[in-house]
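# Analysis of the macromolecular model
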Amino acid sequence: MQYSTTEEIYKVFQEAAQQVSTDTRNLEKGSVFFALKGSNFDGNAFCRQALASGCRAVVADDSTLGGQAGVLLVEDVLKALQDLARHHRRQFNIPVLAITGSNGKTTNKELIREVLSKKYKVLATTGNLNNHIGVPLTLLSLTSEHEFAVVEMGANHQGEIRQLCAIAEPGYGLITNIGKAHLEGFGGEEGVRKGKGELFDFLRQQGGRAIINGDDPVLSEMAFTNDKITFGCKKLYDLIGKDEQQAETVAFRFTTRYGEKDFKKLPLVKTSIFGQYNLYNCLAAACIGVYFKVPEADIIMALESYVPDMNRSQVKKTEKNTLILDAYNANPDSMKAALQNFSRYPATTKWVLLGDMFELGEFAEQEHQAILDLARALQFENVLMVGTEFAKLKGAPYLQFNTTAEALAHLSSKNLQSAVILIKGSRSMKMETLQQAL
């Protein structure tokens, strides 16, 4: 059986103007179709359709397709896609920054892209293309115009970040934090630490540089032997920030290791991002901007002009209420941070709408109970909990609903007004749909 090499596929990829398709429902005419497999589909079954629809070629691993016009036969389509992405990445001598972590990956990626774009032509991960398929597709979007690549890396079990690093070969890496995300797949917090730490391991082995929140003792220990760039508020780092907390959104000042230390003389950076837990995300972006010589005024402009979207750390004013919309996703650490931050929010009437947290496996009950206990300890009175995990908890002094639809019906009957409302939950809960009653 004659298989196509990465170099042969790359030649066709270039002839196809670097257009790649993985879904026949969204085919680009003239593209290369990769016949990927999923739990409920086999892309090989769609190869003839892809060619008939105008694809230049298809990459398949069904031997019965071998020898047919337009078919590039490989042993494994996914591996062929990943190998092609690595080969393409190696054609570019530009900085590649990888971002992973339990919380805040996308927010960090967006902020960093905004800052770096003030000086460079930046390719950054779009949407949720941060896994074993998404990262290769991101890298295959690199063109001769790009001067910088920011690649988000998601993972839910050990070994994934190592694999993604082997494809993207980053020279720089940022771990946002280590928390209780995907505990089921990682097998507990130590598994999360090892899995996310694979980024620092790769950088250490390849001579890359880790970008570290020096105020985080876990990250500092993990990167102890790495070549690093540091930021934080508590010590003399490469970038030093000072929290200037505002009522709703993050505000701060920053300087550098050798810069002005009288913070009163420094400009105040006022962002549109809710939640003091986002301070370090802003500092990370500022630190990377300073390191890569983006002018300070441009860094400030980028951070101040960034407007959160996609239900992440948004403050939204409706005709009746103020919504703190942080419903893109949730895990125990991000839920805890959101509650603690909201407890300090100055408002006469507060409501907290919480949705189930997913992928916690055997830890689900204890982690949901811990959130309930925290809400009580913070003395929240108006709390609505949505989902089967929260509904299981006994003795909760709060409203409990099995589904978001049930919660929506209840809220529609309440006609809440003049309240500040925190909305937080895992993606599958679709907690943002509750907005229509608020």
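It should be emphasised that the depicted structure is a prediction, and the values quoted were computed from it without experimental measurement.

## What about the environment of N156?
With respect to the helices, strands and loops of the structure, N156 is situated in the loop between β9 (148–152) and α6 (160–168). For the pair N156 and E359, spaced 203 residues apart in sequence, the C-alpha separation works out to 8.8 Å.

## Remarks on the sheet that holds strand β5 (residues 57–60)
Taking strand neighbours across the sheet as the criterion, the four strands line up as β1-β2-β5-β6 in an open arrangement whose pairing is parallel. Only two strands of the sheet have a single partner each, and these edge strands are β1 (20–21) and β6 (71–73). In the sheet, β5 pairs with β6 via three bridges, with the strands oriented parallel. In the strand pairing of β6, A60 is matched with L73.

## Some remarks on helix α3 (residues 77–89)
Taking 1.5 Å per residue, 13 residues should reach 18 Å; α3 reaches 18 Å between its end C-alpha atoms and fits that length. Across the 13 residues that make up α3, a large majority, ten, are buried. Within α3, the full set of buried residues consists of V77, A80, L81, Q82, D83, L84, A85, R86, H88 and R89. Capping the start of α3, D76 holds a side-chain oxygen 3.0 Å from the backbone nitrogen of L78, two or three residues further along.

## Brief notes about empty space enclosed by the protein
Under the defined criterion, the tally for this structure stands at one cavity of 30 Å³ or more. Its boundaries defined by the atoms lining it, the largest cavity holds a volume of some 40 Å³. Considering the residues around the largest cavity, the lining is formed by N108, L174, I175, T176, N213, F231, Y280, N281 and A284. At the level of secondary structure, the elements contributing two or more residues to the lining of the largest cavity comprise β10 (172–175) and α10 (279–291). It is α10 that provides the largest number of residues to the lining of the largest cavity, a total of three residues.

## Regarding the packing of α3 against α6
As a packed pair, α3 and α6 sit with axes 7 Å apart at the nearest point and diverge in direction by 45 degrees. Considering the angle they form, α3 stands oblique to α6. Where α3 approaches α6, its residues Q82, A85, R86 and R89 are matched on the opposing element by Q163, A166, I167 and A168. Residue classes in the contact of α3 with α6 are distributed as four nonpolar, two polar and two charged.

## Some remarks on the packing of aromatic side chains
Applying the stated criterion to the full structure yields ten aromatic pairs. With centroids separated by 4.8 Å and ring planes inclined at 85 degrees, the aromatic side chains of F148 and F292 adopt a geometry described as edge-to-face. Pair noted here: F148 is in strand β9 and F292 is in the loop between α10 and α11 (296–305), with a separation of 144 residues, a long-range link. Looking at F292, the relative accessible area reads 9%, which means it is buried. Taking the centre distance of 5.9 Å and the plane angle of 65 degrees together, the rings of Y172 and Y291 count as edge-to-face. One end of the pair, Y172, is in strand β10; the other, Y291, is in helix α10, with 119 residues separating them in the sequence. Judged by its relative accessible area of 17%, Y172 falls in the buried class. Taken together, the aromatic side chains of Y120, F148, Y172, Y291 and F292 make up a single cluster linked through ring pairs.

## Let's talk about the pattern of salt bridges
Opposite charge on two side chains permits them to pair, given that their charged atoms come into close proximity. Considering all chains together, one arrives at 17 salt bridges under this definition. The salt bridge partner of K109 is E110, with a shortest N-O separation of 2.7 Å. Exposure class is identical for K109 and E110. Each is buried. Where R162 meets E198, a salt bridge forms, and the shortest distance between an N and an O atom there is 3.3 Å. Taken together, the residues span a long stretch of sequence, with R162 in helix α6 and E198 in helix α8 (residues 189–206) at a distance of 36 residues. Residue R162 is classed as exposed on the basis of its relative accessible area, which comes to 53%. Connected through shared salt-bridge partners, K79, D83 and R86 make up one network.

Quick notes on the rules
Residues numbered from 1 in each chain as written. Predicted model: local features only at pLDDT ≥ 70, side-chain atom pairs only at ≥ 80, totals over all residues. Heavy atoms only, no water. Helix = DSSP H or I, 4+ residues; strand = E, 2+ residues; numbered from the N terminus. Pairing = 2+ DSSP bridges. Expected span 1.5 Å × (residues − 1). Buried < 20%, exposed > 50% of the residue type's maximum accessible area, 1.4 Å probe, protein only. Polar contact = N/O pair within 3.5 Å; in protein donor to acceptor, adjacent residues only side chain to side chain. 1 Å grid on protein atoms, 1.4 Å probe; cavity = no way out; pocket = protein on both sides within 12 Å on 5 of 7 lines; lining within 4 Å. Points joined across faces, edges and corners; volume = space filled by probe spheres on them. Axes fitted to C-alpha atoms, helices over the stretch in contact; angles between N-to-C directions. Parallel < 35°, antiparallel > 145°, perpendicular 65-115°, else oblique. Contact = heavy atoms within 4.5 Å. Nonpolar A, V, L, I, M, F, W, Y, C, P; charged D, E, K, R; others polar. Phe/Tyr/Trp six-rings, centres within 6.5 Å; stacked < 30°, edge-to-face > 60°. Salt bridge = Lys/Arg side-chain N within 4 Å of Asp/Glu carboxyl O.

Structural measurements only, silent on function.
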